[in-house]
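Observations on the model geometry
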Amino acid sequence: MSQVFISYSRKNASAAEFFFRALTEIGAEPFIDHDGISLGDGWMERIGAAISECRFFVLLVTKDSLDSNYVREEFGFAHMLKKSIIPVMLEQVDFARLGRLFPITTLQQVELYGWDLDRDDPKWAQAFQYLQQLLHQPTPDGVAEDPLLGFKQRGITQIYASRKDAEHEIAYDLTRDGVTRINIIGISLNDFTDGQNGILHDAWKRVRSYIKQDSRALEIRILLTHPESLGSHLRARAEEREQPGPLDQSRLKRHVLETVTEIKYLRAEAERLAKSSGKKQPRVSLECRLYFGAPILFLCQTDTVSYVQQYYYWRGRQDNPGAPIMKCVKAANPQVEHGMHGELEAHFDWIWTNDIASISAEEWLDAHVVGIESGAYSTGLVNFFNNFDSQVDVYSDQNQARSRIQYLMGHAKTRLWIMGISLHSFFFQQPSNDLLLTINALAERGEADIRVLLIDPESEQARYRSYRESLFHLDTPTDFEEFSKNLFGKQRLYRDTWLTVDTIKRLSKKYANVTGRLYSSAPACFILMVDDSVIVEQYIYGIIGKSGIVPEILGRQMPVMEYRRVPPNLFRFDPNRAAYLLLEDHFNFVWEHYSRDFPAPATP
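Residues numbered from 1 in each chain as written. Predicted model: local features only at pLDDT ≥ 70, side-chain atom pairs only at ≥ 80, totals over all residues. Heavy atoms only, no water.

1. Side note on the overall build of the protein
The following threshold applies: Numbering goes from the N terminus for both helices and strands, where a helix is a DSSP run of H or I of at least four residues and a strand is a run of E of at least two. For the exposure calls, accessible area comes from a 1.4 Å probe over protein chains only, and a residue counts as buried if that area is under 20% of its type's maximum, exposed if over 50%, partly exposed in between. Contact criterion: two residues are considered in contact whenever any of their non-hydrogen atoms come within 4.5 Å of each other. Under the convention used here, a 1.4 Å probe and the Shrake-Rupley method define accessible areas, while residue burial counts only the protein chains that appear.
Scanning the protein from N- to C-terminus turns up 22 helices and 21 strands. Across the 604 residues in the protein, those meeting the buried criterion constitute 49%. Of the contacts formed within the protein by residues at least 6 apart in sequence, a portion of 73% connects residues at least 24 apart. Here the protein displays about 29,500 Å² of accessible surface, and carbon together with sulfur accounts for 51% of that area.

2. Considerations on the packing of aromatic side chains
Our working rule: To pair, rings of Phe, Tyr and Trp, with the six-membered ring standing in for Trp, must have centres within 6.5 Å; the planes then decide the type, stacked if under 30 degrees apart, edge-to-face if over 60, and tilted in the middle.
Applying the stated criterion across every chain, the model contains 22 aromatic pairs. A ring pair is formed by W115 and W124, whose centres lie 4.9 Å apart and whose planes are at 5°; its orientation type is stacked. Here the two residues W115 and W124 agree in accessibility, since each one is buried. Here F488 and Y494 contribute two aromatic rings whose centre-to-centre distance is 5.1 Å and whose plane-to-plane angle is 70°, an arrangement assigned as edge-to-face. Given the relative accessible area of 2%, F488 is considered buried. Every member of this aromatic cluster is reached through a ring pair, and the members are Y464, Y467, F480, F483, F488, Y494 and W498.

3. Describing the pairing of strand β1 (residues 4-7)
The two faces of a sheet get side chains in turn, since along a regular strand they alternate between them. Put simply, the rule reads: A pair of strands counts as paired when DSSP detects no fewer than two bridges linking them.
Alternating positions in β1 separate into two faces, V4 and I6 on one and F5 and S7 on the other, with burial throughout. Strand direction decides the pairing type here: β1 and strand β3 (residues 56-61), joined by four bridges, are parallel. Bridging from a neighbouring strand, F5 pairs with F57 of β3. Relative to strand β2 (residues 30-31), β1 runs parallel, the two sharing two bridges. Residue pairing across strands places F5 opposite F31, the latter belonging to β2.

4. Quick word on the packing of helix α19 (residues 460-470) against helix α20 (residues 480-487)
So the rule is basically this: Note on geometry: axes are lines fitted to C-alpha atoms, helical ones only across the stretch in contact, with angles between N-to-C directions running from 0 to 180 degrees. Between 65 and 115 degrees an angle is taken as roughly perpendicular, under 35 as roughly parallel, over 145 as roughly antiparallel, and anywhere else as oblique. Put simply, Ala, Val, Leu, Ile, Met, Phe, Trp, Tyr, Cys and Pro go in the nonpolar bin, Asp, Glu, Lys and Arg in the charged bin, and everything else, Gly too, in the polar bin.
Interaxial distance between α19 and α20 falls to 10 Å at its minimum, and their mutual angle equals 105°. Taken together, the axes of α19 and α20 lie roughly perpendicular to each other. Between α19, through E460, R463, Y464, S466, Y467 and S470, and α20, the contact on the second element is made entirely by F480, F483 and S484. In terms of residue class, the contact of α19 with α20 is made up of four nonpolar, three polar and two charged.

5. Thoughts on the environment of F348
With respect to the secondary-structure elements, F348 resides in helix α13 (residues 340-353). Along the sequence, F348 and R221 sit 127 residues apart, while their C-alpha atoms lie 9.4 Å from each other. For F348, the contacting residues outside a window of four places in its chain are N183, I184, I185, R221, I222, L223 and L299.

6. Topic: the sheet that holds β3
The sheet built from five strands is open, its strands ordered β2-β1-β3-β4-β5 with parallel pairing. Each edge of the open sheet is held by one strand with a lone partner, namely β2 and β5 (110-111). By the bridge criterion, two bridges tie strand β4 (residues 84-89) to β5 in an arrangement that is parallel. Of the residues in β5, the one forming a bridge with V88 is V110. Packed onto the sheet, helix α1 (residues 13-25) meets β1, β2, β3 and β4 and runs at close to 165° relative to β1.

7. Quick look at the pattern of salt bridges
Worth spelling out the cut-off: Salt bridge, as applied in this entry: a Lys or Arg side-chain nitrogen positioned within 4 Å of an Asp or Glu carboxyl oxygen.
Here the structure, examined in full by the defined rule, presents 29 salt bridges. For the salt bridge of E447 with R445, the shortest nitrogen-to-oxygen distance reads 4.0 Å. Judged by relative accessible area, R445 falls into the partly exposed class, the value being 39%. Linking E458 and R463 is a salt bridge whose minimum nitrogen-to-oxygen distance equals 3.6 Å. The structure contains a network of salt bridges with shared partners spanning E169, D173, R176 and K327.

8. Details of the confidence of the model for the protein
To keep it simple, the criterion reads: The quantity known as pLDDT measures the predictor's confidence residue by residue, on a range of 0 to 100.
Averaged over every residue, the pLDDT of the protein is 81; the share at 70 or more is 80%. Throughout residues 387-398 the model reports pLDDT below 50, and contacts reaching past four residues in sequence, or to other chains, amount to 33 contacts.

9. As for the nonpolar core
Here is the rule: Remark: nonpolar core denotes a set of buried residues (Ala, Val, Leu, Ile, Met, Phe, Trp, Tyr, Cys) joined through side-chain atoms within 4.5 Å.
The biggest cluster of nonpolar side chains holds 59 residues, and the ones touching the most others in it are M409, L416, F426, F427, F526 and L528. If you look at the next biggest cluster of nonpolar residues, it comprises 44 residues, including A203, V207, I325 and I359.

10. Here we look at unusual backbone geometry
Residue L117 is not a glycine yet carries a positive backbone phi of 65°. You can see L117 is positioned in the loop between β5 and α6 (122-135). Residue L117 is classed as partly exposed on the basis of its relative accessible area of 32%. Its identity as a non-glycine residue notwithstanding, L189 has a phi of 60°, on the positive side. With respect to the helices and strands, the residue L189 is situated in the loop between β7 (181-185) and α9 (190-193).

Next up, the structure:
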């Protein structure tokens, strides 16, 4: 069944052919009379049937078409059948005569006055876009007559129920003349490389033959999922949801390793063949990268055609999963230049060319670069913040860590343990200090055990810390001994720590659940432990920012991390490496063995 019937004068055959090709490219299934059938039985049999079956009747309006008996007969029949008639105005004509011959003055028109069949003419682009909108209008009952018209307009020419149904066409399209590049995205591509069970192994044999014969210049690029990424772990767990096993032994990871090893072998074969032939490098380029994002689609693509299948978290590994596979072709028409094929190519190129999205397979296979996901999640990491006091923007929002800390403290049930240097930002006495207000409210409720560890302001480690900070703003350089003896007592760290001690002592007198101690070891990190969460910031001596401004507390450029007592069960749990338990033990050791009670009186 033809969707569109093109009616035209033989003197406008070039324009008619142009429209026929353009409509064919967007899947509109046009009909055009190439043979000049005479009126009579031939016309009734062929032209009449085409008009009867079409949904749209496109009339190319010129002075010649107004004089054509054939055009008038075709129009009369379409008008009688109440077809949707779309006049395309190619020339200025006598509208009075047009109205008498073709009663179409109330119909929607496509205007192309003075157009010379140039695809790059903006006039064509605008008119053709409008024509596409008209052709895609629904039927009177609100349903498109051709439910696949939208697919065709995006360059989708075939839909297969499964990969098995598409295997022969995929293999054929990989070896067509003119292929200069092949892009493949998959999870492990086991369907390609498995010689016994691989549904698409015939296609992979074509790829192997290219490499081993080295017969043409060809670029082959392959993207596999990074087996240590969160997306891969979720995929593996979804496939094995009935009987989950260790993720580092999952079928997905094993298959990725097998494919990467196969590609490494083929690269070595290609290089050996090129060397034996006296060439510097193979004509066939084969590269493989591992992407970090969740697996969302399978793609096998050449210069002109793409086969794509959407991924879902299927209940199990199946040969014929529910998602169909679609064939998309590259459109020659500029109106559909960004059809599915082009967009899929852009999708592939972005992942391939960005180190934030993928790494080379060699990096993983040889150096085992795994990124942060497995290691971070397996230790219980759930949040990664920019420091709330930082003058250097590590991440996007300087207030995120502070907001999170206040939220955790405000919802504490069993404990709030804090370890820091002076903790001035938590305990300075001002009505606007929301952190101190939250601590007061928590202490008043009496539910949580509140412990605070401060660096002992009289300790040598406190002096070292303060000396480092002083080096950035002292007018006259001095050595540590002189600083410790004459200047340390005037520094902010010393003053702020004693002010915090005073605040905590007042809270301790009022609330029995508040205690504080002073430690003399090196300040290694800030710790805030609330119930089953812990926030930690590594302490360093710090640097001056590029602006030249000295931070109030050096080292606040470090990010802040939050861990949970029980990490997500997606990853293997090792209590000896769980950050929450390690930090809890660190705090307990310092509290019990390396700290002292606040002295009395609490003033310097």
